[in-house]
2 protein chains.
Amino acid sequence: MFHNIELDKSQPIYIQIKNYFRTMIAKGMLQKGERLPSTRELSSALNVSRNTIISAYESLVDDGFINIIEGKGAFVSDVNVSTNPGWSTDWTTRINKYAIEARELDIVKHEASWEKGMIPMSSISPDPELFPMEDFKRAFMNIISFESYKILNYGYAQGYKPFIDFLMEYMESKGVNTKGKNILITNGFTEAFEILISSLTNEGDYILCENPTHNTALKIMRLKKLNVCGAPMEDDGISLEDVEKIIQSNKIKLAYITPSYHNPTGITMPWEKRMKLFQTIMNYSIPIIENGFNEELRYFGSHIAPVAAIGGEGNGVIYIGSFSKVLFPGLRIGWIFGDRYLIDYLESVKRSRNIHTSFMDQAVMYQFFKEGYFEKYIKKVRRVYKQKYEKVVAAVRKYIPDAKLYGDGGLHVFIKHEGIDSRQLLEECIKHNVIFTPGDIFHINNEGRDSFRLGFSRVRDEDMEIGISVIGSKIEEMKK
Amino acid sequence: MFHNIELDKSQPIYIQIKNYFRTMIAKGMLQKGERLPSTRELSSALNVSRNTIISAYESLVDDGFINIIEGKGAFVSDVNVSTNPGWSTDWTTRINKYAIEARELDIVKHEASWEKGMIPMSSISPDPELFPMEDFKRAFMNIISFESYKILNYGYAQGYKPFIDFLMEYMESKGVNTKGKNILITNGFTEAFEILISSLTNEGDYILCENPTHNTALKIMRLKKLNVCGAPMEDDGISLEDVEKIIQSNKIKLAYITPSYHNPTGITMPWEKRMKLFQTIMNYSIPIIENGFNEELRYFGSHIAPVAAIGGEGNGVIYIGSFSKVLFPGLRIGWIFGDRYLIDYLESVKRSRNIHTSFMDQAVMYQFFKEGYFEKYIKKVRRVYKQKYEKVVAAVRKYIPDAKLYGDGGLHVFIKHEGIDSRQLLEECIKHNVIFTPGDIFHINNEGRDSFRLGFSRVRDEDMEIGISVIGSKIEEMKK
């Protein structure tokens, strides 16, 4: 009966043999007291060395599945198997409203998704082929030699200290005053925003933000039952007039803004407007949560300091940083920078959620920066993405000449085109293997059907024209 | 003025010079249009090569902080600096109840903590010196060569597919029926439990669990405002009589149990009792969340299948697994195993929280298992911890002879001693550099002052007797 043990090269042979017996015993197919084949017998049946069988049996002894009786053989231990049929329930009736809504608002579960062969204009992930794998491996080997097991054991909820110190200096080099501030490391932007919203708002609170805005942020605010008040975007960022109006007619608790490479529009707010925005909101003592999304991916013009830098010695701005949009999103590393008393509370919330963010990932990321690999990498990708950006802009002007194009860099542009229905357009384009993100996803009341976002980070150069020409021709067809 | 740039070996010199100027400019100490020293001048002032200065300046150009005018030099770009003083708020008044309670219930912020030189009987982390660092590095290098950038880019909320498949087989080898089930990878046990409680309960719901129980689980239930109904522990696990009584007099929504190496008591529930417990709870159609805490750390007796195995084809049991207590807690890897429709909802909740758990960490963990390193490791640590366990038991019998000792393995034992106040005892012991965890932390109404938990995983052999003799002598003194 044991001839049918399937062995492959995926893991050590002795473990495969062990697992086979473990499962047989656990399922009751080999029962208490039953004798296993002798090591000699099994070794010849499976054509593996006797030592391999001995190792497998020893491991089964260690796991408490068999006993070996000297001179007699190996016997199944006192392992019990249930004959209880169990019971079943319809879990969909036991899930609470929160989980039902999390699923309803989960676009991955409801939107068309990229399939092999499609031109991926829906994606704004970095192009992984640009990842400096050798540098990454070196960073890993260097930090693991230096920190060894320290980064593999429990760490601190706040984060890996050298990385926090590094990020504090990084914030300073953006012109941000770090006095009285602190940092909490999170699993990317999403966790940072979710923890902030969970800790600072209550159901029914009013939040001011750009409309359109980041769909993940919208989801989180909706899940918390907040009233999201959106001020429309102008060519240079959020409309200050509307900001003022919204604040005057609602009791706004927090403002959430993305001043650089705004998602989805790609707009970067100029310095003067940042100053005015800050002043407007500050006049009402409303704290700002600033999303530092893609700030590293500037490739035109002078450095523009984040709104957090305008906050000076004050503590009215909370800044969420993340490298995930640029580098190794799979690691999920982000941070919250803000008043140190606030961070102290958020740290406890973080601990109650998942103890801390992977210390290994934080340490490798830290080392990656310290070695200067990030500098090298960002230099390279800025060049590549800038070229792609220029290509996308040229192609949009050529194939969708009537469109209004937004976007000052980063990994995406945003298109508005009077009279189109981007949902219908998407449907048509998918038939021709072109996928992008319809604008309504980013709008507070699902308006904005005349707009869509084009990610270009993962579009191959030769596909850029093809993709946009398809979109252009479908728009033409729909006009008729 | 630039002679005071401090250079060290922590990172490439050109980056340090760049960061110096970046910060100077960002802070307004070097202003718009100001000329930077010539590369020649600075290279001689700092005694570094001119190429280094050129690299630093190029990088400043890339970041938009300076412009280089051919033949004229390097000048600060149009970088704006705020003179707005900002504004400040008292964040402690803006934090909501949830965050305040998260901080109040955060024992790290309120309990005595280990300090250098203390015998760490409060810890139940694995001993990091046992971590197989070379195997870990090999696992990393192997998976990164094979999967390359795939595991560094965005992954899927559910988890890394090969790891999920591996864990499904692992559950089977525990005797669990995997038909109709699925797995969600989480950031350790804490996130798994938090997501489950967030998705399945509403404020005021009644939950049945052991009393005492895992303090992190208690914290999470308290934060969600649940009514926690505790059934006392007997020598072989939760009292079935009390379970029945509690269910009859409360509308219990979920049961949460830890049948193996229960935290804090260390008790492992025998098979027959597991069967009875399952049947008792099943009679009322109450789902069970089973914590598979430390199941891998058995070192006595036959394998005892988890309660999830009793569930058979049914879907009434949700199993939370984690290797964190045994291996690499710093990586934060756990999983929820349960009905696939349930997992589908939980996946959306996970996505809304932090997109997914680090794909690199999942992949390295997977590879670590596939290579057979876990087998090697667990064999070694079982031997070590078993010896420590035997030492701790012998020392308790010798120095605290009147104590009642609980614990069948794992990384800790639990002590009850009539008439003692473990808080007062702890205070005395800390003076002698011995720290442990007082029992009230694990009790639902902070009772159990006559008990405490002794972790032994990180106690050196020579300290075991010392630590426990101190506790014994303090108990003797307190009796007087």
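Preceding this paragraph is the structure being described.
Residues numbered from 1 in each chain as written. Chains lettered and ligands numbered in written order. Predicted model: local features only at pLDDT ≥ 70, side-chain atom pairs only at ≥ 80, totals over all residues. Heavy atoms only, no water.

Examining the nonpolar core
Judged by nonpolar contacts, the single largest core of 212 residues is most densely connected at A:F136, A:W335, A:L454, A:I471, B:W335, B:L454 and B:I471. Among all residues touching A:F136, those that are not within four sequence positions of it are A:F328, A:L331, A:V364, A:F368, B:F140, B:I144, B:L152 and B:M360. (Core = buried A, V, L, I, M, F, W, Y, C linked by side-chain atoms within 4.5 Å. Buried < 20%, exposed > 50% of the residue type's maximum accessible area, 1.4 Å probe, protein only. Contact = heavy atoms within 4.5 Å.)

Brief notes about the pattern of salt bridges
As enumerated under the stated definition, the model contains 80 salt bridges over all chains in all. In this structure, B:D421 engages B:R449 in a salt bridge whose closest nitrogen and oxygen atoms are separated by 3.1 Å. With a gap of 28 residues between them, B:D421 in the loop between β13 (412-416) and α16 (422-431) and B:R449 in the loop between β15 (437-438) and β16 (451-455) connect regions that are remote in the sequence. For B:D421, a relative accessible area of 23% translates into the label partly exposed. Through salt bridges with shared partners, a single network forms among A:R103, A:D106, A:K109, B:D344, B:E347 and B:R351. (Salt bridge = Lys/Arg side-chain N within 4 Å of Asp/Glu carboxyl O. Helix = DSSP H or I, 4+ residues; strand = E, 2+ residues; numbered from the N terminus.)

A short note on the sheet that holds strand β9 (residues 288-291) of chain B
Residue and element names in this part refer to chain B. In spatial order, the strands read β4-β11-β10-β9-β8-β5-β6-β7; together these eight strands make up an open sheet with mixed pairing. Two strands lie at the open edges of the sheet, namely β4 (181-186) and β7 (237-238), each paired on one side alone. Here strand β8 (residues 252-257) runs beside β9; their pairing, made up of three bridges, is parallel. Residue pairing across strands places Y256 opposite I289, the latter belonging to β9. (Pairing = 2+ DSSP bridges.)

Brief notes about the pairing of strand β2 (residues 73-76) of chain A
All names here are of chain A. Here four bridges tie strand β1 (residues 66-69) to β2, and the two strands are oriented antiparallel to one another. Across the sheet, residue I68 finds its bridge partner in β2, namely A74. Joining the antiparallel neighbours β1 and β2 is a turn of three residues, in which G71 adopts a positive phi near 80 degrees.

A closer look at the pairing of strand β10 (residues 317-322) of chain A
All names here are of chain A. Judged by how many residues are buried, β10 sits mostly within the fold: six of six residues are covered. Taking every second residue as pointing to the same face, both faces of β10 are buried, with V317, Y319 and G321 on one and I318, I320 and S322 on the other. Here strand β9 (residues 288-291) pairs with β10 via four bridges, running parallel. Within the sheet, the bridge partner assigned to E290 lies in β10 and is Y319. Where β10 and strand β11 (residues 334-339) come together, four bridges link them in antiparallel fashion. Bridge pairing in β11 links Y319 to F337.

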